[in-house]
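Residue-level listing of the chains:
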Amino acid sequence: MDEKYKPLFKTLRLPNGAELKNRFVLAPLTHTSSNEDGTASIEEIEYMGKRSKDVGMAISAASNVTDLGKAFPGQPSVVRDSDIEGLKHLAEEMKKNGAKAILQIHHGGVQAQPRLTPDYDSAGPSPITLQSFDETEPHQSREMTEEEILETVKAFGEATRRAIEAGFDGVEIHGANRYIIHQFVSPHFNRRTDKWGEDRYSFAMAVTDEVLKAKAEHADEDFIIGYRFSPEETETPGIDMEITETLIEKLIEKPLDYLHASLGEVHSKTRTGKYAGTERIALLHEWIGGRIPLIGIGSVFTADQALDAIKGGNIELIGLGRALLLDHNFVGKIQAGRESTVNNMFDPEREDKYELPERLWEQLHDGFYPLPRVRSRQQSR
């Protein structure tokens, strides 16, 4: 290994004592490859195993905690105890080479797709019309009742228990990307006039407390709890960096083990407000103040880009999503001194289809994830 890349392979001890073997994290990516009932498929398990083998921590695709929260076809489920058996195989495969296996727990809220939910239903903080994932037409979502909100909070705790029983090393609370926890924080999605609207952080805090409670009741101290969030959204009014600053202040008071900033580009800058023009990741680092490790992610496709993100000092861990779709040996190649051989271009005519599940390959082929692309053979002629 080239000496300059050694910082990427330093171990990291999380606040609860769990140790990660390096600074790479497999980011959670939608793969739509679970069985129709949400149980783990053989294809999904193989895919996750290949992309987990060299990282310090591997995070699963978003796994729905209630049937009402299902947001993708082929989405993993952690709704019921019958899901545990398949999740056991998934956890074993993800952690067999030393990665910490994390199950991301998720609810789509108003982004849940009616065609996938009971009674063709979709609900969140407030009624809204929107178009989700692969939908061809917008759908109308309704406002959740108080009872449904409390049931959803409990469902995150039950999902945590199932993750523990399945042998995962931790869970990540999905509070990002316009899904239900994000929605309750956002003034765009949450227009309620009850206590869940008066304090838009209350749902996120209730879910976090319920997950921590499940850990205390069912797991050892080294079980990892993380929280993913989106620092800004495009809507006005919406989540801005001032709102995120308050969210961070609340989260760092909880016994969490890491925070995970969902970014399209790791060095992206704040769009509006008093922090406009400042790198988001630098602001987050300042607000966290070293209390909890931070995962940064976004448009890292080379060893040097990964090193640059870590050496900047604003993050402790670098998330890899699209890079590991294109080359599941990304980390291993850097460690072996073969970083120049990392594949970071998408070839839609590649015969091995990057050893991806068929549905995920089709998504990449159709441009679902923005990827650097090679010129097609037809274009090259």
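Residues numbered from 1 in each chain as written. Predicted model: local features only at pLDDT ≥ 70, side-chain atom pairs only at ≥ 80, totals over all residues. Heavy atoms only, no water.

Notes on the overall build of the protein
Let me state the cut-off plainly: Starting at the N terminus, helices and strands are each numbered in turn, a helix being any DSSP run of H or I of at least four residues and a strand any DSSP run of E of at least two. Only the C-alpha atoms count toward the radius of gyration. The rule for a globule is 2.2 Å times the residue count to the power 0.38. A 1.4 Å probe rolled over the protein chains alone gives each residue an accessible area, and that area as a share of the maximum for its type sets the label: buried under 20%, exposed over 50%, partly exposed in between.
Secondary structure summary: the protein contains 13 helices and 14 strands in total. The globule rule puts the C-alpha radius of gyration for 381 residues at 21 Å, and the 20 Å found for the protein is close to it. Expressed as lengths along the three principal axes of its C-alpha atoms, the size of the protein is roughly 55 × 45 × 40 Å. Within the span of the protein, comprising 381 residues, buried residues form 60% of the whole.

Observations concerning the packing of aromatic side chains
The condition that has to hold: We call Phe, Tyr and Trp rings a pair once their centres come within 6.5 Å, taking the six-membered ring for Trp, and we label the pair stacked below 30 degrees between planes, edge-to-face above 60, and tilted otherwise. Remark: a charge is flagged as sitting over a ring if the NZ atom of Lys or the CZ atom of Arg is within 6 Å of the ring centre and within 35 degrees of the ring normal.
All told, the structure shown has 12 aromatic pairs when counted by the stated rule. On the basis of an interplanar angle of 85 degrees and a centroid distance of 5.9 Å, the ring pair of F72 and Y179 is categorised as edge-to-face. One end of the pair, F72, is in the loop between β5 (63-64) and α2 (84-95); the other, Y179, is in the loop between β10 (170-175) and α4 (180-185), and 107 residues separate them in sequence. There is no split in this pair, since F72 and Y179 are both buried. Between F346 and Y354, the ring centres sit 5.6 Å apart and the planes meet at 25 degrees, which makes this aromatic pair stacked. With relative accessibility at 0%, the residue F346 sits in the buried group. An aromatic cluster of three or more residues is present, and its members are F72, F133, Y179, F368 and Y369. Looking at R350, its charged tip hangs above the ring of Y354, at a distance of 4.2 Å from the centre.

Description of the pattern of salt bridges
Working definition: two side chains of opposite charge can pair if their charged atoms are close together. To be explicit about the condition: Think of a salt bridge as a Lys or Arg side-chain nitrogen and an Asp or Glu carboxyl oxygen that are within 4 Å of each other.
Under the criterion given, the structure shown has 26 salt bridges. Sharing partners across several salt bridges, the network here consists of D81, E158, R161, R162 and E165.

As for helix α9 (residues 303-311)
Applied cut-off: Directions from the helix axis toward the C-beta atoms define the arc. The criterion used for residue contact is that any of the two residues' heavy atoms lie within 4.5 Å.
For α9, every residue scored as buried is listed here: A303, A306, L307, A309 and I310. Mapping the buried residues of α9 onto a view down its axis gives an arc of 160 degrees, with all of them on the same face. Buried residues along α9 sit against β3 (24-26), β14 (317-320) and α11 (330-335). In the segment just after α9, G313 is the residue with positive phi, at about 85 degrees.

Regarding unusual backbone geometry
In this structure, P237 follows T236 across a cis peptide bond, with omega equal to -5 degrees. Considering the arrangement of structural elements, one finds P237 in the loop between β11 (224-229) and α7 (241-251). The phi dihedral of Y120 is positive, around 50 degrees, even though this residue is not glycine. Looking at where Y120 falls in the secondary structure, it is placed in the loop between β6 (100-106) and β7 (123-124). Positive phi, normally seen in glycine, also occurs at Y354, with a value near 60 degrees. You can see Y354 is positioned in the loop between α11 and α12 (358-365). Owing to a relative accessible area of 3%, Y354 belongs among the buried residues under this scheme.

Focus on the environment of I318
Looking at the secondary structure, you find I318 in strand β14. Since its relative accessible area comes to 0%, I318 is described here as buried.

Some thoughts on the side chain of Q75
Definition in use: Polar contacts, as counted here, are pairs of nitrogen or oxygen atoms within 3.5 Å of one another; within protein the pair requires one atom able to donate a hydrogen and one able to accept it, and residues that are adjacent in sequence qualify only if both atoms are side-chain atoms.
Structurally, Q75 is set in the loop between β5 and α2. From its side chain, Q75 meets the backbone oxygen of A62 in a polar contact 3.2 Å long. Apart from the residues lying within four places of it in its own chain, the contact partners of Q75 are S34, G38, A62, S63, N64, G69, K70 and H106.

Concerning the UniProt feature "domain: NADH:flavin oxidoreductase/NADH oxidase N-terminal" (unreviewed entry) in the protein
The following threshold applies: UniProt positions are given in the numbering used here, feature names are shortened, and annotations may be inferred rather than shown by experiment.
The positions that UniProt labels "domain: NADH:flavin oxidoreductase/NADH oxidase N-terminal" (unreviewed entry) are, in the present scheme, residues 8-339. A distance of 13 Å separates the end C-alpha atoms of residues 8-339, which is 33% helix and 16% strand.

Comments concerning the sheet that holds strand β8 (residues 128-130)
Rules: Note on pairing: DSSP must find at least two bridges between two strands before they are called paired.
The mixed open sheet is built from 3 strands, whose spatial order is β7-β9-β8. Looking at strand neighbours, the two that pair on one side only are β7 and β8, the edges of this open sheet. Two strands pair when backbone bridges link them, and β8 and strand β9 (residues 139-143) are joined in this way by 3 bridges, in the antiparallel orientation. Residue pairing in the sheet places T129 in a bridge with Q140 of β9.

So, helix α8 (residues 280-288)
R280, I281, L283, L284, W287 and I288 are the residues of α8 that are buried. The buried residues of α8 all sit within an arc of 160 degrees when viewed along its axis, so they share a single face. Buried residues in α8 make contact with β11, α7, β12 (258-261) and β13 (294-297). Downstream of α8 by a residue or two, G289 has a phi angle that is positive, lying close to 60 degrees.

Digging into the nonpolar core
Basically, it comes down to this: Take the buried residues of types Ala, Val, Leu, Ile, Met, Phe, Trp, Tyr and Cys, join any two whose side-chain atoms come within 4.5 Å, and each joined set is a nonpolar core.
F24, I105, F168, Y227 and L259 are the most contacted members of the largest nonpolar core, which has 111 residues in total. For this core, the element with the highest residue contribution is helix α3 (residues 146-166), accounting for 8 residues. Setting aside anything within four residues of it in sequence, one finds I105 in contact with S63, V65, V78, F156, A159, T160, V171, E172, I173, H174 and V211.

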